[in-house]
Amino acid sequence: MTRGDGKEPDAAVAPADAGAADGPVPRLEADGSLLLSNLPLAPVPAEVEAEGIMFRGARRTHPAPGLPGTITRRDLVWADNLHELIERAKRRQWNAATDIPWAEGRGVGVELERALADVLTWMLQQEYAAWYVPAKFLGRIHPAYTEVGLFLSTQVMDEARHVEVFLKRLYLNGVGLREVAASTESSIKGLLMQEDFARASFLLHVLGEGTFKDLFHLLIEIAPDEATRQIMVRSLEDEARHVAYGVGRLRTQLAAERDPDAVGQAFVDALEARLAFTYEVSGLPRHVQEALAILAGGERGPGATAPGRERVRRFVDELNRNRKERLLQAGFSERVAENISQLHIRSAGGLM
Ligand SMILES: [Fe+2]
Ligand SMILES: [Fe+2]
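Reading the values: the criteria
- Residues numbered from 1 in each chain as written.
- Chains lettered and ligands numbered in written order.
- Predicted model: local features only at pLDDT ≥ 70, side-chain atom pairs only at ≥ 80, totals over all residues.
- Helix = DSSP H or I, 4+ residues; strand = E, 2+ residues; numbered from the N terminus.
- Buried ≥ 20, exposed ≤ 12 C-beta atoms within 10 Å, placed from the backbone.
- Contact = placed C-beta atoms within 7 Å.
- Axes fitted to C-alpha atoms, helices over the stretch in contact; angles between N-to-C directions.
- Parallel < 35°, antiparallel > 145°, perpendicular 65-115°, else oblique.
- Left-handed = near helix turned anticlockwise from the far one by under 90°.
- Nonpolar A, V, L, I, M, F, W, Y, C, P; charged D, E, K, R; others polar.
- pLDDT = per-residue confidence, 0-100.
- Expected span 1.5 Å × (residues − 1).

> So what's going on with the overall build of the chain? Which residues, and what values?
Within the chain, the secondary structure is distributed over 11 helices and zero strands. Each helix and strand of the chain, placed in order from N terminus to C terminus, yields the pattern α-α-α-α-α-α-α-α-α-α-α. For the chain, with 352 residues in total, the buried portion stands at 41%. Here the analysis covers contacts within the chain between residues at least 6 apart in sequence; of these, 77% occur between residues at least 24 apart.

Here it is, written out as structure tokens:
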């Protein structure tokens, strides 16, 4: 077969059915857009060899180069909601420079501003974990599962934007970065050093970002100004996608297991390993709870007030309830969900 230009087609990129002149033509959406789900792509394989740098379904006549250390199993990376999440992520990108009403963040009282800076400094640290972990694993996922890479790339951009937007809010009124807690850095290091994608995704996407999603909800409610509120509204939407991937991926993994609770046990081990990284074992760090209580109390004089503290106490209950709910949704038994949830509370000096 020739292409009219006299060159032989490269066997590695020839269509799957090289004998036919034309493959099926994908339909376009009513608005003219072309979605991945409209393409006649090869089915997602359950497992591939750790070799070859090409999307699934390509033919090759030469031996493929080996890719040691590559993740080659569908059940470890895939989520059934991937296509929808990729499209939503692209549609909902935003710009931290121009999409936040920064002028409406001026003029916040100094006590609330410092409390907000305490919370944002701590959140900023967690954002680095959320940014670096998917970036680290991107190149380790076999291109047969390209859709996973497409999604994780949107997450990398989302988290970079969160780092940018938190930095901007921190410095907006002249306060800037606050003191860094040793326990938080230690806990985040434990996640960054995780080399098993399934465990890292569980810790990050399900546990850590699950908590962040709830925290964004709280911050929408107690933000001291409209710029901060908008930051939290936008970030919450991003975070919801990351959690949706994590829960979807975990469901895929657990559905492929005869004994899902055995997977749970492996995750418990990962959490226990993280405990060793964490000097202080509590839920939200004390100084962050205090800062949230000041924000929740509003402009009522110095220090956290009783209503502010009460709101944060209820929030911690909400966190624990929602975490367990996500674990049950993903397919864990009640016993394992409870076990993991309790361990996470102990290892969450940093929440990621
Ligand atoms: Fe984030
Ligand atoms: Fe995130």
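More follows now that the structure is in view.
> Any details on the packing of helix α3 (residues 110-138) against helix α9 (residues 286-297)? Residues and values, ideally.
Running from N to C, α3 and α9 cross one another at 140°; their axes reach a closest spacing of 8 Å. Judged by the inter-axis angle, α3 sits oblique to α9. By crossing handedness, the relation of α3 to α9 is classed as left-handed. Between α3 and α9, the contacting residues are E111, L112, A115, L116, D118, V119 and W122 on the first element and H287, V288, A291, L292, I294 and L295 on the second. Residue composition of the contact of α3 with α9, by class: 10 nonpolar, one polar and two charged.

> Break down the confidence of the model for the chain for me, citing the residues and quoting the values.
Predicted confidence across the chain gives a mean pLDDT of 88, with 90% of residues reaching 70 or more. This model gives residues 1-19 a pLDDT under 50, and the stretch forms 19 contacts once residues within four places in sequence are excluded.

> Residue-level account of helix α4 (residues 146-172), with values.
Taking 1.5 Å of rise per residue, 27 residues should cover 39 Å, and α4 covers 39 Å from first to last C-alpha, within 8% of that figure. G174, located one to two residues past α4, shows a positive phi value of around 85°.

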